[in-house]
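Survey of secondary and tertiary structure
Read off the chains here:
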Amino acid sequence: MGYAHDYAAAIMQRGRVPMPPVDFVPNWSDGPRKAKYYPGVDSLPLPAADYPADASLDRAFGFADGAPGAGEFDLTSLSGMLLDSYGLTGRRLGVQANTDLSALPFYPLANWSRGSASGGGLYPVSVYWVSGPNGPVTPGVHYYSTRHHTMQRLLTGDVSGEVREALGGYANETSTDQYLVLGIKYWQNSFKYNSFSFHAVSMDLGAAVQTWRMWAGARGLSVEPAMWFDEARLQKLLGVDGDEEGVFAVVPLKWAQGRASSPTGPVPGDVTVRHRDIERSRAVFTFDALLKMQAATSEHAPERPAPGALAPAAAPPVNADLPLAPLPAARPMPGDVRTVLRRRRSSFGRFDASRPVTAEQLAACLAAAGTGSRLGGDTGTGTGPGAGTGDGVRLAKLYAFVNHVDGLEPGAYEYDPDARELRLVKAGRPGEFLQRNYFLSNYNLEQAGAVLVPTVRTSAVLDAVGDRGYRLVNATIGAVAQSVYTACSALELGCGVALGFDNVSYIEELGLDATGEAPLLIMMIGNERPAPADFRYEIA
């Protein structure tokens, strides 16, 4: 067993046994930027993005007719996908229950909204575009500047062959020289969350990729991440230190008028981006657990799992002996993806139990969550249907603690994603249990209509595919969370996602010891109090 098993166990126990360093306090005045800063580089403004009228959320989730994967990207669609997922779209202020409320009115601390969710609103994912000769710009490596919605050129020249070689066998199944490479600069998160940060940032990766999958699916495009590749080779290409920034995913893009491509010539072995990110923080700290997780999850990164490797780690089947609680058909979500993503936000204590959630709304949220439970094609390893090795493996399973849902008795339920119905695990009002095992003061969980809990058999995944599987586990959970956030936005429900809860208590309450399922976050959904005091200013 590798170090990831120890880290996963510490995460499960951290509600009872704090993770070191227990005395760490963030230095907010010396915090990092929420994006990388490359001074003196050339910038390429991205075009305004159109959006088709039929790009509905139902199509994005696969609930409506469409031809996912048939289309091709161009510069306009790439621009739109990046803006609607990670670009800054507006400023938000609101009277709510989060602990940072006192800071928000001050402009230097402004809270800028984005389509994707992020733990703590920190957004540590770095998006690089490696473009070959079949692209619309001079070949090279670009960094997506979220604050300016521009591509910043870090290197000129065709190095798409480096990415293709780093992908190994997966590259032989893709016919493109256009890649999005997703890195995570750890200090952008660890300055606040220290050793816990690896757990949070790997979920951020899944949230970002799931936003892309939904956005692309609504337009008939396809986005599937490869998560096993030669990470050290790509770190060298991008000019980043492996202890400071991990490379978590590569997304090949099917490009308009593209063709099956091969390197135009040998790429020099020492090719690397010469520009370096300038850190704002005067003092940058490292944390042993974070360094160990980066080392453990990158050590065997080029060793792509064999087809079927994840099958033993699939989510356990539904317990058919439990009492059945039928759900109605899911409420349709016809709103277009762009509008829904612009509306997405966290509720932070605004839930109002006097207006119950409808069973149709709950059914829609659960169905949407199921679309994120298979991140990366069918297996999440970059071995999806395009590679001919899809296993049909669903990693995440869902439970629902029902507080206030019309037509459903309060209790804890297990969700069957195939039949789209619930099975009663434990009857009775769960509000007291939920609030007792939540550690923060920004939510009253009893006021939520329901609290959804995704689980993954983390240890089984690590046994099946090694320590790098920890990134897959958390990326899957992040994808589930982003799906629920987006569905709630379409259904005009409030939503909040939290990691500050006693994981062990949930294992005990749901009886998960026998299956080895790990509850990794909680997702609260419900109607909010009417007429909130809000300020919104749209910038995109």
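Residues numbered from 1 in each chain as written. Predicted model: local features only at pLDDT ≥ 70, side-chain atom pairs only at ≥ 80, totals over all residues. Heavy atoms only, no water.

**Overview of the overall build of the protein**
Along its length, the protein carries 14 helices and 17 strands. Taking 2.2 N^0.38 as the reference for a compact globule, 540 residues should give roughly 24 Å; the C-alpha atoms of the protein span a radius of gyration of 22 Å, in line with that estimate. Based on the C-alpha atoms only, the size of the protein along its principal axes is roughly 65 × 50 × 50 Å. Buried positions account for 59% of the 540 residues belonging to the protein. Across the protein, the fraction of contacts at a sequence separation of at least 24, relative to all contacts at a separation of at least 6, is 81%. Counting only carbon and sulfur atoms, one obtains 52% of the accessible surface of the protein, whose full area is about 20,400 Å². The averaged location of the 56 negative side-chain charges in the protein is 5 Å from the averaged location of its 47 positive side-chain charges. (Helix = DSSP H or I, 4+ residues; strand = E, 2+ residues; numbered from the N terminus. Rg over C-alpha atoms; globule rule 2.2 N^0.38 Å. Buried < 20%, exposed > 50% of the residue type's maximum accessible area, 1.4 Å probe, protein only. Contact = heavy atoms within 4.5 Å. Areas by Shrake-Rupley, 256 points an atom, 1.4 Å probe, with all protein chains shown as cover. Lys, Arg positive; Asp, Glu negative; His and termini not counted. Charge placed at Lys NZ, Arg CZ, Asp CG, Glu CD.)

**Concerning the confidence of the model for the protein**
Caution applies to low-pLDDT regions: their predicted coordinates should not be interpreted in detail. Of all residues in the protein, 91% attain a pLDDT of 70 or more, and the chain-wide mean is 90. Across residues 377-390, confidence stays below pLDDT 50; counting only partners more than four residues off in sequence or on other chains, it has 43 contacts. (pLDDT = per-residue confidence, 0-100.)

**Regarding the side chain of D502**
Within the secondary structure, D502 sits in the loop between β14 (494-498) and α14 (503-510). There is a polar contact of 3.2 Å between the side chain of D502 and the backbone nitrogen of V504. Separated by 2.7 Å, the side chains of D502 and S505 make a polar contact. (Polar contact = N/O pair within 3.5 Å; in protein donor to acceptor, adjacent residues only side chain to side chain.)

**So, the pairing of strand β10 (residues 396-402)**
Most of β10 sits inside the fold, with seven of its seven residues counted as buried. Neither face of β10 is open: one carries A396, L398, A400 and V402, the other K397, Y399 and F401, and all of them are buried. Taken together, the seven bridges between β10 and strand β13 (residues 450-456) define a ladder with antiparallel strand orientation. By the bridge assignment, V402 is partnered in β13 with A450. (Pairing = 2+ DSSP bridges.)

**As for the packing of aromatic side chains**
Across all of its chains, the model carries 23 aromatic pairs by this definition. Ring centres of Y38 and Y143 lie 5.4 Å apart, and the angle between their planes is 65°; this geometry places the pair in the edge-to-face category. One end of the pair, Y38, is in the loop between α1 (3-13) and β1 (43-45); the other, Y143, is in strand β5 (residues 140-145), and 105 residues separate them in sequence. The residues Y38 and Y143 share a single accessibility class, namely buried. (Phe/Tyr/Trp six-rings, centres within 6.5 Å; stacked < 30°, edge-to-face > 60°.)

**Some thoughts on the sheet that holds strand β8 (residues 245-252)**
The sheet built from six strands is open, its strands ordered β1-β6-β5-β4-β7-β8 with antiparallel pairing. Looking at which strands have only one partner, the edges of the open sheet turn out to be β1 and β8. The mean inter-strand angle of the sheet, taken between neighbouring strand axes irrespective of direction, is 30°. Summarising the sheet, β5 and strand β6 (residues 150-156) pair through six bridges and their orientation is antiparallel. Bridge pairing in β6 links Y143 to Q152. Strand contacts of helix α4 (residues 160-167): β4 (125-131), β7 (178-185) and β8, with the helix running at about 75° to β7, the strand carrying the most contacts. (Axes fitted to C-alpha atoms, helices over the stretch in contact; angles between N-to-C directions.)

**Focus on the environment of G217**
Note that G217 resides in helix α6 (residues 197-218). In the structure, G217 is positioned 161 residues away from S56 in sequence and 9.3 Å away in space, judged by C-alpha atoms. Contact partners of G217, with chain neighbours within four places excluded, come to R59 and A60.

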